[in-house]
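Examining the three-dimensional arrangement
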Amino acid sequence: QVQLEESGGGLVQPGGSLRLSCAASGSIFSIYDMGWYRQAPGKQRELVAAITVGGSIRQSDSVKGRFTISRDVAKNTVDLQINSLKPEDTAVYYCYAALGTSVYWGQGTQVTVSS
């Protein structure tokens, strides 16, 4: 089992920045892929960014140039630096970790972009 704890969400004005953090604990020695999805009201959950243990990154085209994912493999943490926030970035952001065929999810952290 893997437990994921997220932090860093909140209310921010358009153009602002946030940093989301996620820490994994439990049976974490085989985590390959970690990253973030988001789900806006009335929409499907979508991939924001993910990073493998080797450092390969996948990212949604909608966040390229604004969001930066980073990972500390030794500490089993993954961070998402979010810049130039837009109202359409408003969503619940979920951290995930993949071990083999199993995927674990955090409880989510709300990001609201509004003036």
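Report on the accompanying structure. (Residues numbered from 1 in each chain as written. Predicted model: local features only at pLDDT ≥ 70, side-chain atom pairs only at ≥ 80, totals over all residues. Heavy atoms only, no water.)

Overview of a nonpolar patch on the surface
A contiguous nonpolar patch, built from Tyr32, Val53 and Val73 and spanning about 260 Å² of accessible area, is present on the exposed surface. Note on placement: Tyr32 falls in the loop between strand E3 (18-26) and strand E4 (33-39). For Tyr32, a relative accessible area of 48% puts it in the partly exposed group. (Patch = residues over 30% accessible without salt bridge, like charges linked within 9 Å, V, L, I, M, F, W, Y side chains within 5 Å. Areas by Shrake-Rupley, 256 points an atom, 1.4 Å probe, with all protein chains shown as cover. Salt bridge = Lys/Arg side-chain N within 4 Å of Asp/Glu carboxyl O. Helix = DSSP H or I, 4+ residues; strand = E, 2+ residues; numbered from the N terminus. Buried < 20%, exposed > 50% of the residue type's maximum accessible area, 1.4 Å probe, protein only.)

What to know about the sheet that holds strand E1 (residues 2-7)
Across the sheet, four strands lie side by side as E1-E3-E8-E7; this open sheet has antiparallel pairing. Strands with a single pairing partner mark the edges of an open sheet, and in this sheet they are E1 and strand E7 (67-72). Direction aside, the axes of adjacent strands within the sheet are offset by 15 degrees on average. (Pairing = 2+ DSSP bridges. Axes fitted to C-alpha atoms, helices over the stretch in contact; angles between N-to-C directions.)

Digging into unusual backbone geometry
The phi dihedral of Asn76 is positive, around 55 degrees, even though this residue is not glycine. Structurally, Asn76 can be placed in the loop between E7 and strand E8 (77-82). When its relative accessible area of 12% is taken as the criterion, Asn76 is described as buried.

Observations regarding the side chain of Asp79
Residue placement: Asp79 occurs in strand E8. Separated by 3.3 Å, the side chains of Asp79 and Arg19 make a polar contact. Sequence-distant contacts of Asp79, that is, excluding residues within four places in its chain, are made with Arg19, Leu20, Ser21, Cys22, Trp36, Thr68, Ile69 and Ser70. (Polar contact = N/O pair within 3.5 Å; in protein donor to acceptor, adjacent residues only side chain to side chain. Contact = heavy atoms within 4.5 Å.)

Observations regarding the state of the cysteines
By definition, a disulfide is the covalent link that joins the sulfur atoms of two cysteine residues. Within this structure, the stated rule accounts for one disulfide. Between the sulfur atoms of Cys22 and its disulfide partner Cys95 the distance amounts to 2.0 Å. Between Cys22 and Cys95 the sulfur-sulfur dihedral comes to about -80 degrees; the bridge is accordingly left-handed. With Cys22 in strand E3 and Cys95 in strand E9 (residues 91-99), this pair connects stretches of sequence that are 73 residues apart. A single burial state applies to Cys22 and to Cys95, both of which are buried. (Disulfide = S-S within 2.5 Å.)

What about the side chain of Arg71?
Checked against the element boundaries, Arg71 lands in strand E7. Among buried Asp, Glu, Lys and Arg side chains, Arg71 stands out as unpaired, with Asp33 the closest opposite charge at 5.5 Å. In this structure the side chain of Arg71 is engaged in a polar contact, spanning 2.9 Å, whose partner is the backbone oxygen of Tyr32. Separated by 3.5 Å, the side chain of Arg71 and the backbone oxygen of Thr52 make a polar contact. Residues in contact with Arg71, not counting those within four places in the same chain, are Ile31, Tyr32, Asp33, Met34, Ile51, Thr52, Val53, Thr77 and Val78. (Lys, Arg positive; Asp, Glu negative; His and termini not counted.)

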